[in-house]
2 protein chains.
Amino acid sequence: MMSKAGMSDQAEYHRPTAARRAARTGRLTGYTSRCAPGYVQANLAILPASYAEDFLRFCQRNPQPCPLLDVSEPGDFTLPRLARDLDIRTDVPAYRVFRDGELTEEVADISQHWRDDLVTFALGCSLSTDQALLNAGLPVRHVERNEPAGMFVTSIETVPAGRFRGPMVVTMRPHKPADAIRAVQITTRFPKCHGAPVHIGLPRLIGIDDITKPDFGPERADVADDEMPVFWACGVTPQSVVRHAKPSLCITHKPGHMLLTDLTNESLALL
Amino acid sequence: MMSKAGMSDQAEYHRPTAARRAARTGRLTGYTSRCAPGYVQANLAILPASYAEDFLRFCQRNPQPCPLLDVSEPGDFTLPRLARDLDIRTDVPAYRVFRDGELTEEVADISQHWRDDLVTFALGCSLSTDQALLNAGLPVRHVERNEPAGMFVTSIETVPAGRFRGPMVVTMRPHKPADAIRAVQITTRFPKCHGAPVHIGLPRLIGIDDITKPDFGPERADVADDEMPVFWACGVTPQSVVRHAKPSLCITHKPGHMLLTDLTNESLALL
């Protein structure tokens, strides 16, 4: 859950450049969901080049959970197609460092961890599609409650690539049936932000036995009698897959502490 | 149900012009679903001008059940935007004539009923979207069974216009969840052929108490345990609405005996 202090902090940053500069200088250390509304926020994964080729193929084969916005050259800590003046080593509010699949540190700056063989992956996230749903007038329960969406590990297997494999993790949003249809249309416009749902209704078909008990996110989820559970591929999938591959080093953003890009959400819309 | 004889007949007509000419000369009197594959078939409603303005507004207000492809000038028995050399009085294989809302005749030619004040409405139908679903590799149960789709009268009220009002009739197609999502995407491309579904899952929310018992179409419908019922607005809606308005005269196609147009299905696709 987001602290009230964190929320008031982040809402100061209307522009992604300002938010990145604040992260770089240690003024922004909290959640980013309310920073720079209308701009794309990205999930971050940084891997040694020896793992990067497999992971790139994994993203290519699993575009719904792993919608790749950009990938860097080895050692390059910029992503000029996503953001001006970006230094990926400092401009995210908080990072997690994993060694051999184990979380070893949470840090505000990864300059001391940087190496010439590190490759940065920026993946689209559902903040953009949540915003698109809200813009279209659809209620989005978890946003109203200021919680993350309920996340579930499914029985849907991702397509493996090298050392990367594992189950797809999904987010669930409850919608009234007509809104569920509208939500399919709206999110189809954003394939770079997880795109259309992967499943609707009938949770047991994807290995979810209790829709009220997410594996991650809020303690409880609920679907009213007049609602359908709608399931989208989730950016936790690549995080989980990478951890299980136990790379010697992997650096990600801390959940909710995203990379702010200069792309507008609408610039990613298919139509 | 379609007779085997009717099926072999109609499959002779690969081009809509040939099918219309065969209807005009009395050689094609049966179902049209297998005529001229890839071309748009239309629902037909012919009304006196005194009713036409209200009905035009009704279509405008209810585009999903009443996707208007074209409307004629009063007395004009052509529809040049839909078909070359069309004579609406002779080129449909079978017609129904209603007086004051009651079916009085089924005829192969309406030349003797024609009047200078009659206005022709051509409405898109779900044959086009069924074809689009099949083209995309989705199974469509009722097509496999060579039956019409199950149709249900719902509790969804159409938006009234003048004397025209009444409940929306829907077709139901059972789809596996991932296919249901794909079906939303595919049919969204065809707003002139009923477009996206109006409802998914939870039949009781739209007044359907028993999903196995359609009001029209086959005797029984079924939805497997791993399927969702998906509901689209149906062209029976305007037929039902018009009959309840009890116009002094109304002429429609006989169900399944459609107007063949020269438009390709794909020419109507939004994108």
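This is a predicted model, so every value here is computed, not measured.

S.K.: Mind showing me how you'd approach the sheet that holds strand E6 (residues 150-157) of chain A here?
M.R.: Whenever strands of a sheet pair, they do so through backbone hydrogen bonds, lying parallel or antiparallel. Residues and elements named next belong to chain A. Spatially, E6-E7-E9-E8 is the arrangement adopted by the four strands of the open sheet, whose pairing is antiparallel. Every other strand in the sheet has two partners, leaving E6 and strand E8 (199-200) as the edge strands with one partner each. Pairing analysis gives two bridges linking E8 to strand E9 (residues 228-233), with the strands arranged antiparallel. Within E9, the position partnered with isoleucine 200 by the bridge is valine 230. Across the sheet, helix H6 (residues 177-188) is in contact with strand E7 (167-175), E8 and E9; its angle to E9 comes to roughly 15°.

S.K.: Is there a simple way to explain the interface of chain B and chain A in this structure?
M.R.: How big an interface is tends to be stated in terms of accessible area lost as the parts join. With 18 residues of chain B in contact, the opposing surface of chain A contributes 18 residues. Counting residues per element, the ones that place at least two in the side of chain B that touches chain A are helix H6 (177-188) and strand E8 (199-200) of chain B. A total of seven residues in the side of chain B that touches chain A trace back to one element, the largest contributor, which is H6 of chain B. Here the side of chain B that touches chain A is composed, by residue class, of 13 nonpolar, four polar and one charged.

S.K.: So what exactly am I meant to see when it comes to the relation of the copies chain B and chain A here?
M.R.: In this arrangement, two copies of a chain are superimposed by a rotation about an axis accompanied by a shift along the axis. Each copy superposes on the other: chain B lies on chain A with an RMSD of 0.0 Å after a rotation of 180° and an axial shift of 0.0 Å. As the rotation angle and translation indicate, the two copies are arranged about a two-fold axis. Comparing interface residues between copies, 100% of those in chain B also sit at the interface in chain A, which points to an isologous, same-surface contact.

S.K.: How do you make sense of helix H2 (residues 16-24) of chain B when you look at a structure like this?
M.R.: Every α-helix winds through 3.6 residues per turn, so residues three or four apart in the chain are directed the same way. All names here are of chain B. Turning to H2, its buried residues number three or more, namely Pro16, Ala19, Arg20, Ala22 and Ala23. What you see down the axis of H2 is that its buried residues fit within an arc of 160°, all on one side. Packing partners of the buried residues in H2 comprise strand E1 (39-48) and strand E11 (259-264). Glycine 26 sits one or two residues past H2 and shows a positive phi near 80°.

S.K.: Just to check I follow, could you spell out the confidence of the model for chain A for this structure?
M.R.: When pLDDT drops low, the exact placement of atoms in the prediction is not to be read closely. Residues and elements named next belong to chain A. Looking at chain A, pLDDT values average 95 and 97% of them are 70 or higher. Scored below 50 in pLDDT, residues 1-8 makes eight contacts in the model with residues more than four places away or belonging to other chains. Complex prediction metrics read pTM 0.92 and ipTM 0.89.

Basis of the calculations
Along each chain, the written sequence defines residue order, and numbers are assigned to residues from 1. The lettering of chains begins at A and the numbering of ligands begins at 1, in the order of writing. pLDDT decides what is reported in this predicted model: residues at 70 or higher carry local features, side-chain atom pairs at 80 or more are listed and counted, and totals for whole chains, interfaces and linings draw on all residues regardless. DSSP bridges decide pairing: two strands pair if at least two such bridges lie between them. Each helix corresponds to a stretch of at least 4 residues labelled H or I by DSSP, and each strand to a stretch of at least 2 residues labelled E; elements are numbered beginning at the N terminus. Placing C-beta atoms from the backbone, we regard two residues as in contact once those atoms come within 7 Å. All axes are obtained by fitting lines to C-alpha atoms, using only the stretch in contact for helices, and the reported angles, taken between N-to-C directions, cover 0 to 180 degrees. We call Asp, Glu, Lys and Arg charged. Ala, Val, Leu, Ile, Met, Phe, Trp, Tyr, Cys and Pro are nonpolar, and the rest, Gly among them, are polar. When the copies are superposed, the least-squares fit takes in the C-alpha atoms of residues with a pLDDT of at least 70 in both. To sort residues by exposure, count the other C-beta atoms lying within 10 Å of each residue's C-beta; 20 or more gives buried, 12 or fewer gives exposed, and values between give partly exposed, all with C-beta atoms placed from the backbone. The directions considered for the arc are those from the helix axis to the C-beta atoms. pLDDT is defined as a per-residue confidence score from the predictor, taking values between 0 and 100.

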